[in-house]
Amino acid sequence: MADAFAMNSYLGKQILSLVRGGDYAHAGEEEAIELALASLPKDASRRLLDAGCGRGGTAAYMQRHGWGRATGVDIEPKSIDYARDAFPDGTFVCCDIHDVGAHVGDGFDAVVMFNVLYAIADQAGALRALAGRAKPGADLMVFDYVELGGYAQAPVLDAGRPFLPHPLKIDRVEGLLRDGGWRLQSVADISADYRRWYAALVERIAAKRAAIEALAGADAYEHVHGRYAGLLAAIESGHLGGAVVRATKAGA
Ligand SMILES: C[S@@+](CC[C@H](N)C(=O)[O-])C[C@H]1O[C@@H](n2cnc3c(N)ncnc32)[C@H](O)[C@@H]1O
């Protein structure tokens, strides 16, 4: 039966890594990292917090390409175990972002979130917890899905629940950041990039059908293909898009 597992599970991320050819569970893979961090000057001594790091590929990419020393946190233990094995030069901690203060030291120069905030109900609380780990004036980059109108009325479901439970609403982002202890600097609409990335992803899922079925079975293939074809349809119909939001820690 097709709705056996959620895409944010370890198996879901494992399948996405197979399809994407890297340990990424965000749209656009390495191109997206370069785009999202283009305005953050490279500084190998910067302390970076990758909140919701998944399998660690993004943290490793940022560190390898000179953006700083990365610490990744994720709520899902098997992904953190995988990240520690695959990327021993990074630091990976298993915790809920809301509890990050109990698990990770403070003094981070920058916090990044790649397709994570959409999964969190209390977004202001999560942002506040992250602000508590950041230096005065620290940078925040949020790369995420955006509700452009109409998506909430017909959301794509994943294991019986909305696949994207809380996509950002651009007209509320400034207030959300303020409540979370951050000051908005800019919002870039990257919906056209999302459209291109998801069209390519759906094609790659189809091309990897045999490998997905060998790893997880025929139902898993149908499940994965169906979720991303649904997201692509929502993006193509203008209901869903993507944005890069930049902010700095308030009070600096
Ligand atoms: C779509 S994946 C993106 C993973 C990673 N940022 C990447 O780009 O490959 C979303 C990740 O957020 C994590 N996550 C969701 N809610 C979380 C929370 N409250 N605390 C920590 N991690 C969370 C999930 O376990 C999952 O690994």
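Quick caveat, the model's predicted, so the values are computed rather than measured. (Residues numbered from 1 in each chain as written. Predicted model: local features only at pLDDT ≥ 70, side-chain atom pairs only at ≥ 80, totals over all residues. Heavy atoms only, no water.)

### A few points about the sheet that holds strand β8 (residues 182-189)
With mixed pairing, the seven strands of this open sheet are ordered in space as β3-β2-β1-β4-β5-β9-β8. Every interior strand has two partners, whereas the edge strands, β3 (91-94) and β8, have only one. Across the sheet, the mean angle from the axis of one strand to that of its neighbour is 20 degrees, orientation sign disregarded. Here strand β5 (residues 134-147) pairs with strand β9 (residues 240-249) via nine bridges, running antiparallel. Paired with D139 across the strands is T248, a residue of β9. (Pairing = 2+ DSSP bridges. Helix = DSSP H or I, 4+ residues; strand = E, 2+ residues; numbered from the N terminus. Axes fitted to C-alpha atoms, helices over the stretch in contact; angles between N-to-C directions.)

### Examining the pairing of strand β4 (residues 108-114)
Among the seven residues that make up β4, seven are buried, leaving the element largely enclosed by the rest of the structure. Pairing of strand β1 (residues 47-51) with β4 involves three bridges; the strand directions are parallel. Looking across to β4, one finds that L49 is bridged to V111. Note that the unit made of β4, helix α5 (residues 123-131) and β5 has a crossover that is right-handed. (Buried < 20%, exposed > 50% of the residue type's maximum accessible area, 1.4 Å probe, protein only. Right-handed = clockwise from strand over helix to strand, strands pointing away.)

### With respect to the site of the ligand
Looking at the ligand, there are 20 residues lining it, with K13, A25, H26, G52 and D74 nearest. D74 has a polar side-chain atom sitting 2.6 Å from an oxygen atom of the ligand. When isolated, the ligand has an accessible area of 590 Å², and the protein chains bury 94% of it. For the shell around the ligand, the per-class residue count stands at 10 nonpolar, six polar and four charged. (Near = heavy atom within 4 Å. Polar contact = N/O pair within 3.5 Å; in protein donor to acceptor, adjacent residues only side chain to side chain. Areas by Shrake-Rupley, 256 points an atom, 1.4 Å probe, with all protein chains shown as cover. Nonpolar A, V, L, I, M, F, W, Y, C, P; charged D, E, K, R; others polar.)

Distances and angles like these do not, on their own, reveal function.
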